[in-house]
Amino acid sequence: MVYFFYNILLFKIWILLKLVSLFSKKIRTEISKRNRSLETLYKNPPNGKTVIWFHSASVGELDQAKALAETIRRHRPNVFIIQSVFSSSVKESAFSDPLANCYFYLPFDLPFAYNKIFKRFRPKFLFIMAWDTWPNLLKKANQFGTKSYLCCASLSSQSSRKNPLVRLLTKSSFRYLSGIYPSHQLMAKEFEGLVSTESDFSVLGDTRFESVWNKLETKSPNPIFTNFIQKQKEFLNSNKPVILGSTYPICESHFLKYLGTHKDHHSYWIFPHQWESKRMMEWKSKLQDYGSVRIFSELKEKETLPKFLLFDLLGILAFAYQYASFAYVGGGFHNRIHNTIEPAALGLPIITGPRIQNAPEALVMQELGGLFRTSSESDFCSHFYELTKNSELREKMGSINRNFVVENRGASEKIYNRVFPYDKI
């Protein structure tokens, strides 16, 4: 019955979207993009190979899927992998990654939306990463004999799925899952009352930790940054900056408030979420009231490092964390927290904004004591000052985070060993 009402609601939303698309270019483009990606999918038949379908909501969950897909391909190189994503924040450029045979945007969750995909590809497994369990997708997979698994499963205590009506739908759709594997023991308790007795339930970890470790251990940052570090190596050995990563205007506003109310002798490396010249020039002007400011690309040879260094070079934040004393990770005051695993892996204490409910790793770090989740400007300033002054606290929190990341390596192998020994493919 709950599926009936869910589908009635979906049909109404779909009709509304189609009507609005007549007047909205943005919505028309979104619908067209999804249809185009499906057409590309249908042009790539599996030719008799066993098909595995991965689904990820957004960029972070896509990283989780890639880590698990790499493990599966290492053991079973001849499988045919299709990878779907839901969010438009995943750019089509990401679809060029050769790990999957084909990428596409998930269609709207109407009851008939997946028929052609299942008929053409007959996937043996469907791996959904973290939380994006669309009810009709799970039901259709069950109808076609596809085994579905929710991996790196996460569910916050504030999740809308705890709402009585949505909870009933969640419980009804979860019964189609062959297995649910939470990312951490602290996350497992959130699934109480939602898991069918027929579903395999076990804490197997988060595969994203492997993606981060692989990136840090096997890849290198831009040579420009490498040369900069080499020249400043001696200075950085005794002068660790504080990093503000993925900052938005609201993060920058809170930081200016901190500078205006507290005095410290730290230096700061600041990595804006997007380099918007006008905004950054305005912020540079405001920062000059509290110390010297330079833009990374404008640094001159043998120039003394400023108190505030604004980075306008992409792709280096993950590698910069290793030189810091602690990190503020942005996004939590804006919409959704950015990657906290990278600074944690390098042993840094972390400060964030309030919106971390969709990041299970951040929730666990908070509960373990390695992360300060701040809810207001004054809260931000208070915790920021606390970390600038207390080196013992920084060391304790950093150690907690480092140990948490180290202990969670190997999730992909655990999931693989849990699922595949019982299936010959």
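Here the structure is a predicted model, which is why all the values come from computation and not from measurement. (Residues numbered from 1 in each chain as written. Predicted model: local features only at pLDDT ≥ 70, side-chain atom pairs only at ≥ 80, totals over all residues. Heavy atoms only, no water.)

Considering the overall build of the chain
Rules: What counts as a helix is a DSSP run of H or I of at least four residues, what counts as a strand is a run of E of at least two, and both are numbered from the N terminus. Computation of the radius of gyration draws on C-alpha atoms alone. For the globule rule, the value is 2.2 Å times the number of residues to the power 0.38. The rule is simple: take the accessible area with a 1.4 Å probe, protein chains only, and divide by the maximum for that residue type; under 20% is buried, over 50% is exposed, in between is partly exposed. Should any heavy atoms of two residues lie within 4.5 Å, those residues are considered in contact. Note on areas: these come from Shrake-Rupley sampling with a 1.4 Å probe, and a residue is covered only by the protein chains present in the view. Only four residue types enter the charge count: Lys and Arg as positive, Asp and Glu as negative, with His and the chain ends excluded. Every charge is mapped to an atom, namely NZ of Lys, CZ of Arg, CG of Asp or CD of Glu.
On a plain count of helices and strands, the chain comes out with 17 helices and 14 strands. Relative to the globule expectation of 22 Å for 425 residues, the C-alpha radius of gyration of the chain, 23 Å, shows essentially globular dimensions. A burial count over the chain gives 53% of its 425 residues as buried. For the chain, the share of sequence-separated contacts (at least 6 apart) that also reach a separation of at least 24 residues comes to 67%. With the model as given, the accessible surface of the chain reaches about 20000 Å², and the carbon-plus-sulfur share is 52%. Mean positive and mean negative side-chain charge positions of the chain (56 and 37 charges, respectively) differ by 8 Å.

Considerations on the environment of Ile82
With respect to the element layout, Ile82 can be found in strand 2 (residues 80-85). Residue classification places Ile82 among the buried residues on the basis of a relative accessible area of 0%. The spatial distance from the C-alpha of Ile82 to the C-alpha of His55 is 8.5 Å, given a sequence separation of 27 residues. Ignoring anything within four residues of it in the chain, the contact list for Ile82 reads Leu41, Val51, Ile52, Trp53, Phe54, Cys102, Phe104, Ile117 and Phe121.

Side note on the sheet that holds strand 10 (residues 293-295)
Selection criterion: Pairs of strands are assigned from DSSP output, requiring at least two bridges between the strands. Lines are fitted to the C-alpha atoms to define the axes, a helix being fitted only along its stretch in contact, and any angle between axes, read from their N-to-C directions, falls within 0 to 180 degrees.
Strand order in the open sheet formed by seven strands is 10-11-9-8-12-13-14, with parallel pairing between adjacent strands. Looking at strand neighbours, the two that pair on one side only are strand 10 and strand 14 (371-373), the edges of this open sheet. For this sheet the average axis-to-axis angle between neighbouring strands, irrespective of direction, equals 20°. In terms of strand pairing, strand 13 (residues 350-352) meets strand 14 through three bridges, oriented parallel. Residue pairing for strand 14: Ile350 is matched across the bridge by Leu371.

A short note on helix 17 (residues 411-419)
Here is the rule we go by: Here, the arc refers to the directions that run from the helix axis to the C-beta atoms.
Listed as buried for helix 17 are Ala411, Ser412, Ile415, Tyr416 and Val419. Each buried residue of helix 17 sits inside an arc of 135° when the element is viewed along its axis, so together they form one side. For helix 17, the secondary structure elements touched by its buried residues are helix 3 (59-75), strand 4 (125-129), strand 5 (147-153), strand 6 (177-182) and helix 8 (208-218).

Digging into the sheet that holds strand 2
Taken in spatial order, the seven strands make up an open sheet running 3-2-1-4-5-6-7, and their pairing is parallel. The two strands at the open ends of the sheet, each matched to only one other strand, are strand 3 (102-105) and strand 7 (200-201). Two strands pair when backbone bridges link them, and strand 4 and strand 5 are joined in this way by five bridges, in the parallel orientation. What sits directly across from Met129, in strand 5, is Cys151. Sitting on the sheet, helix 5 (residues 135-143) is in contact with strand 1 (51-56), strand 4, strand 5 and strand 6, with an inclination near 160° to strand 4. Those strands touched by helix 17 are strand 4, strand 5, strand 6 and strand 7, and its axis lies near 150° from that of strand 4.

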